[in-house]
Amino acid sequence: MAKSRRANAVMLGFDFQVNAAIVLMIENIEELKSLRLEGNFEYIELKLENNQYILAQAKVVEKSSSDFRNVRKNLEKSLNSLSEGNQKVDARQLILITNSPNPLNEDASRNIFLGAAHREFLSLPESSQKIIKGYLDNINHPLDTEKFMIQVLPFETDSDIERYKVVKQVVDDFIGELNLNIPGLGRRLLNIWHEEVFKNGTKKDPAIQLKKKDVIWPIMVIATDVSHCDDSFLDIFDSSAYDEIVRQYRDTIESCCERCEFFIKVLSDYNTYQSAKKPSEKCMDFVMNKWRDYLLEFDLDDIDEELQKGLIQIILYRIVRNRIVIQNIKKGVKL
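Caption draft 1: Highlighting the pairing of strand S1 (residues 32–38). With 6 bridges connecting them, S1 and strand S2 (residues 43–48) associate as antiparallel partners. Its bridge partner being in S2, Glu-38 is matched across the sheet by Tyr-43. Judged from the 4 bridges that link them, S1 and strand S7 (residues 208–211) form a sheet pairing that is antiparallel. Note that in S7 the partner of Leu-35 across the bridge is Leu-210.

Caption draft 2: Here's a closer look at the sheet that holds strand S5 (residues 118–120). In spatial order, the strands read S5-S6-S4-S3-S2-S1-S7; together these 7 strands make up an open sheet with mixed pairing. Every other strand in the sheet has two partners, leaving S5 and S7 as the edge strands with one partner each. Between one strand axis and the next, the sheet turns by 20° as a mean value, whatever way the strands run. Contacts between helix H2 (residues 71–88) and the sheet are confined to S2, strand S3 (53–59), strand S4 (91–98) and strand S6 (148–152), with S3 contributing the most and set at about 155° to the helix. Taken strand by strand, helix H8 (residues 212–223) contacts S1 and S7, and its axis lies near 70° from that of S7.

Caption draft 3: Layout of unusual backbone geometry. Even without being glycine, Asn-51 reaches a positive phi, approximately 70°. With respect to the element layout, Asn-51 can be found in the loop between S2 and S3. On the basis of relative accessible area, Asn-51 is assigned to the partly exposed category, the value being 42%. Here the phi dihedral of Lys-334 falls at roughly 55°; this positive angle occurs in a residue that is not glycine. Within the secondary structure layout, Lys-334 lies in the segment after helix H14 (323–333).

Caption draft 4: The pattern of salt bridges, seen in detail. This model, assessed by the stated rule, comprises 11 salt bridges. Note that Arg-69 is salt-bridged to Asp-67, the shortest N-O span being 2.9 Å. Accessibility expressed as a relative area gives 17% for Asp-67, which makes it buried.

Caption draft 5: Structural context of the side chain of Glu-156. Checked against the element boundaries, Glu-156 lands in the loop between S6 and helix H5 (160–163). Look at Glu-156: it is buried, it has no salt bridge, and the nearest opposite charge is Lys-63 at 8.3 Å. At 2.7 Å, the side chain of Glu-156 and the backbone nitrogen of Ser-64 are in polar contact. Polar side-chain contacts of Glu-156 include one of 3.2 Å to the backbone nitrogen of Ser-65. Excluding residues that lie within four positions of it along the chain, Glu-156 makes contacts with Glu-62, Lys-63, Ser-64, Ser-65, Glu-162 and Arg-163.

Caption draft 6: Fine view of the packing of aromatic side chains. Following the criterion strictly, the structure yields 7 aromatic pairs and no others. Where Phe-262 meets Tyr-294, the ring centres are 6.0 Å apart and the plane angle is 85°; that geometry is what we call edge-to-face. Of the two residues, Phe-262 sits in helix H11 (residues 260–272) while Tyr-294 sits in the loop between helix H12 (282–290) and helix H13 (305–321), which places them 32 residues apart along the sequence. By relative accessible area, which is 0% here, Tyr-294 ends up buried. Consider the rings of Phe-286 and Tyr-294, whose centres lie 6.5 Å apart with planes at 65°: the pair is edge-to-face.

Caption draft 7: Molecular detail of the packing of helix H7 (residues 185–197) against H8. At their nearest, the axes of H7 and H8 sit 10 Å apart, and the two run at 135° to each other. If you check the angle between H7 and H8, you find them oblique. Handedness of the crossing formed by H7 with H8: right-handed. Taking contact as the criterion, the partners of Leu-185, Arg-188, Leu-189, Ile-192, Trp-193 and Val-197 in H7 are, on H8, Asp-214, Val-215, Pro-218, Ile-219 and Ile-222. Looking at the contact of H7 with H8 residue by residue, the class counts come to 9 nonpolar, no polar and 2 charged.

Caption draft 8: Expanded view of the nonpolar core. Counting residues in hydrophobic clusters, the biggest one holds 79 residues, and the most contacted among them are Ile-22, Met-25, Phe-174, Trp-193 and Phe-198. When near neighbours in sequence (up to four residues on either side) are disregarded, Ile-22 contacts Val-167, Val-171, Leu-190, Trp-193, His-194 and Phe-198.

Caption draft 9: Representation of helix H4 (residues 126–136) within the structure. Three or more residues of H4 are buried, namely Ser-128, Gln-129, Ile-131, Ile-132, Tyr-135 and Leu-136. What you see down the axis of H4 is that its buried residues fit within an arc of 155°, all on one side. Turned more than 90 degrees away from the buried face of H4 sit Glu-126 and Lys-130, all of them exposed. Lining the buried residues of H4 we find H2, helix H3 (107–110) and S6.

Cut-off values and rules
Residues numbered from 1 in each chain as written. Predicted model: local features only at pLDDT ≥ 70, side-chain atom pairs only at ≥ 80, totals over all residues. Heavy atoms only, no water. Pairing = 2+ DSSP bridges. Helix = DSSP H or I, 4+ residues; strand = E, 2+ residues; numbered from the N terminus. Axes fitted to C-alpha atoms, helices over the stretch in contact; angles between N-to-C directions. Contact = heavy atoms within 4.5 Å. Buried < 20%, exposed > 50% of the residue type's maximum accessible area, 1.4 Å probe, protein only. Salt bridge = Lys/Arg side-chain N within 4 Å of Asp/Glu carboxyl O. Lys, Arg positive; Asp, Glu negative; His and termini not counted. Polar contact = N/O pair within 3.5 Å; in protein donor to acceptor, adjacent residues only side chain to side chain. Phe/Tyr/Trp six-rings, centres within 6.5 Å; stacked < 30°, edge-to-face > 60°. Parallel < 35°, antiparallel > 145°, perpendicular 65-115°, else oblique. Left-handed = near helix turned anticlockwise from the far one by under 90°. Nonpolar A, V, L, I, M, F, W, Y, C, P; charged D, E, K, R; others polar. Core = buried A, V, L, I, M, F, W, Y, C linked by side-chain atoms within 4.5 Å. Arc of directions from axis to C-beta.

Printed below as a string of structure tokens:
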């Protein structure tokens with residue numbers, strides 16, 4: 001039973017670390033260059049474009065709303081770890097991110113951490129500042145309190161609806177700011193981030209390292225989803241043939257759509273493409289006439305030319321047809 005509880009605690013800890021990283025990533029997405037999760041140390045490291053860092057310690061409590069026995073121990077460990085990290089890099093901000101609504105276990109500050117709180121050191125009551133300074137006095141090279149913040153991310157119970165509700169809201173707000181009108185995008189994006197981008201259960205190295213494009217690109221993939229096609233394309237492309245190509249070669253289509261460089265190449269080629277057609281017809285003209293230029297991008301030797309043509313045309317159409325959406329995403333996150 002003890003082993004089972006320990007395993008559950010490790011799983012909860014990693015789950016919280018991943019979701020805390022997602023929230024911090026979104027909050028700093030415009031400046032983000034890359035992020036790293038140290039799986040063995042509850043450590044989150046965000047590298048910014050100016051080469052400064054945001055360092056965070058993720059501390060989760062299983063029964064966060066009622067169990068405050070270890071929150072000060074978590075605080076002490078975090079202050080030690082963040083102080084060490086501050087000695088190694090140029091840190092702009094040092095964060096303890098926790099799911100405890102009472103991270104200092106004191107009455108004076110309990111009410112200020114309700115909900116998704118962000119509390120800088122100087123905004124804390126004097127008694128809270130005194131507790132933190134007491135721990136810092138025992139550290140050889142203590143962190144600068146002006147950089148320190150306690151952030152609360154509500155995250156509790158085995159119910160996915162309850163556990164992830166704040167994370168989902170952060171993701172939905174982020175998508176809203178990008179002005180993306182894609183039904184269910186928030187749910188799908190969070191699921192991809194959970195299951196694919198941040199998945200690390202089978203790796204020997206517990207660390208996860210990601211560049212900004214690694215975490216943003218799933219949005220591009222969803223925006224260029226080939227499951228549905230508009231009528232203008234189906235007017236010249238048989239719908240049953242379309243459905244069959246998508247069914248048979250979905251992996252090829254999605255692996256291609258996950259390549260940032262390929263998107264950039266296609267959109268660049270489209271922008272420089274000279275067409276005698278009306279502007280509204282340029283997209284189709286490009287797809288119909290330029291598909292052969294991309295044959296070398298695919299390993300399609302085992303299928304006939306008609307299938308190759310259809311497959312590449314579908315991919316090109318989805319990219320250029322959604323170019324405004326793609327550009328809005330890139331602009332919104334400064335990719």
